[in-house]
Structure formats: C-alpha cells, structure tokens
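# Chain and residue survey
Below are the chains, spelled out letter by letter.
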Amino acid sequence: MSLTVSPELLSKARRGPVGDADFIACIQESLPYAWSLVSGLAERAATAEAGYEANEVPPPGEAERGQLLRLLASDAMRGAVERHFGMRLAFQNCHRVALFRPEADSAYTDFVTPRAQVLNQTPELVDC
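Computed from a predicted structure; not experimentally measured.

For the structure on display, the rule yields 4 aromatic pairs. Considering the side-chain rings of Phe-100 and Phe-111, the 5.4 Å spacing of their centres and the 65° angle between planes classify their relative orientation as edge-to-face. Of this pair, Phe-100 sits in strand E3 (residues 97–100) while Phe-111 sits in helix H6 (residues 105–111), and the two are 11 residues apart along the sequence. Looking at Phe-100, the relative accessible area reads 1%, which means it is buried. Classification of Phe-111 by relative accessible area gives buried; the value is 6%. Through a chain of ring-to-ring contacts, three or more aromatic side chains come together here, namely Tyr-52, Phe-100, Tyr-108 and Phe-111. In this arrangement the basic side chain of Arg-88 is found over the ring face of Tyr-108, its NZ or CZ atom lying 3.7 Å from the centre.

Along E3, one buried face is formed by Val-97 and Leu-99 and the opposite face, lined by Ala-98 and Phe-100, is buried too. By the bridge criterion, 4 bridges tie strand E2 (residues 88–91) to E3 in an arrangement that is antiparallel. Paired with Ala-90 across the two strands is Ala-98, which belongs to E3.

Two elements in contact, helix H2 (residues 20–30) and helix H5 (residues 75–85), have axes whose closest approach is 10 Å; the angle formed by their N-to-C orientations is 110°. Relative to H5, the element H2 is oriented roughly perpendicular. Listed contacts from H5 to Asp-20, Phe-23, Ile-24 and Ile-27 of H2 are Ala-76, Met-77, Ala-80, Val-81, Arg-83 and His-84.

Right, let's get into the nonpolar core. Of all hydrophobic cores here, the largest spans 24 residues; its most connected members are Ile-27, Leu-71 and Val-81. Residue assignment for this core shows that the elements contributing at least two residues are H2, helix H3 (32–45), helix H4 (62–73), H5 and E3. Here the element with the most residues in this core is H3; it accounts for 7 residues. Beyond its immediate stretch of four places on either side in the chain, Val-81 contacts Ile-24, Ile-27, Trp-35, Val-38, Leu-71 and Leu-89.

Basis of the calculations
Residues numbered from 1 in each chain as written. Predicted model: local features only at pLDDT ≥ 70, side-chain atom pairs only at ≥ 80, totals over all residues. Heavy atoms only, no water. Phe/Tyr/Trp six-rings, centres within 6.5 Å; stacked < 30°, edge-to-face > 60°. Helix = DSSP H or I, 4+ residues; strand = E, 2+ residues; numbered from the N terminus. Buried < 20%, exposed > 50% of the residue type's maximum accessible area, 1.4 Å probe, protein only. Lys NZ or Arg CZ within 6 Å of the ring centre and 35° of its normal. Pairing = 2+ DSSP bridges. Axes fitted to C-alpha atoms, helices over the stretch in contact; angles between N-to-C directions. Parallel < 35°, antiparallel > 145°, perpendicular 65-115°, else oblique. Contact = heavy atoms within 4.5 Å. Core = buried A, V, L, I, M, F, W, Y, C linked by side-chain atoms within 4.5 Å.

Functional significance is not addressed by these values, which are geometric in nature.
As structure tokens, then:
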C-alpha cells in the first residue's frame, strides 16, 4: 500500500476533492523517509547555486527504498510535492532524486537525458 489513509481523509475523498494540504499531510505521515529526503533536498535547493539539489546516498534499507519509489512513481504524489515546494522532482534510480527550482530548467533538462541516466549507472545499482 502506498499510503496510510485516515478514516477522516477517506471520508473526505468520498465526498469530493482532497486538497493538497490534506494530501501532503498524508504523504508525510505515510512515507516519513521519503518525505524527509525530499523536504531536505527542497530546503537545500532553495539556496543552491546550481538551482537544484540531488541525493547521492542510497536508502538505508528496502522499506525506505520502497517509500521513495512509491512517492516518485505516483503522479498524484509527485504533483502535490512539486506544488508544495514550487519545484520540479526528477529521479534516475532508486535513490538519485533531485529537486529543481523553476529557473533551473537547463539543469533539469540535462538531468533527465538518456546520457545522464546512462552515466549514473553502476554495477551496484543494477538491482536497486
């Protein structure tokens, strides 16, 4: 399961739209490792000279890796996180996640190229 949804939030969703604030709170509670990683990147990206910040450290275990992949694989979660921080999310593998400020479009474009993906690969990451 991707998220642990409270009965209150589930009831709200059954009645109509769920706002970003409620959805972000659910993400924070359900995926604490992923939220901590992404929010830390956003904080550092806000002042980074390059206009973005990328994670280089693999998750400490499979549970954390799973949290990160669930967050990044969901269009709804990615969109909510991007709106929350006002930045674009990108990722290349199980841990190479980056947040880009809006003005870092060139850096984002470079990060998501096939070349960047190929250069990011190592034998250790084949099964991550």
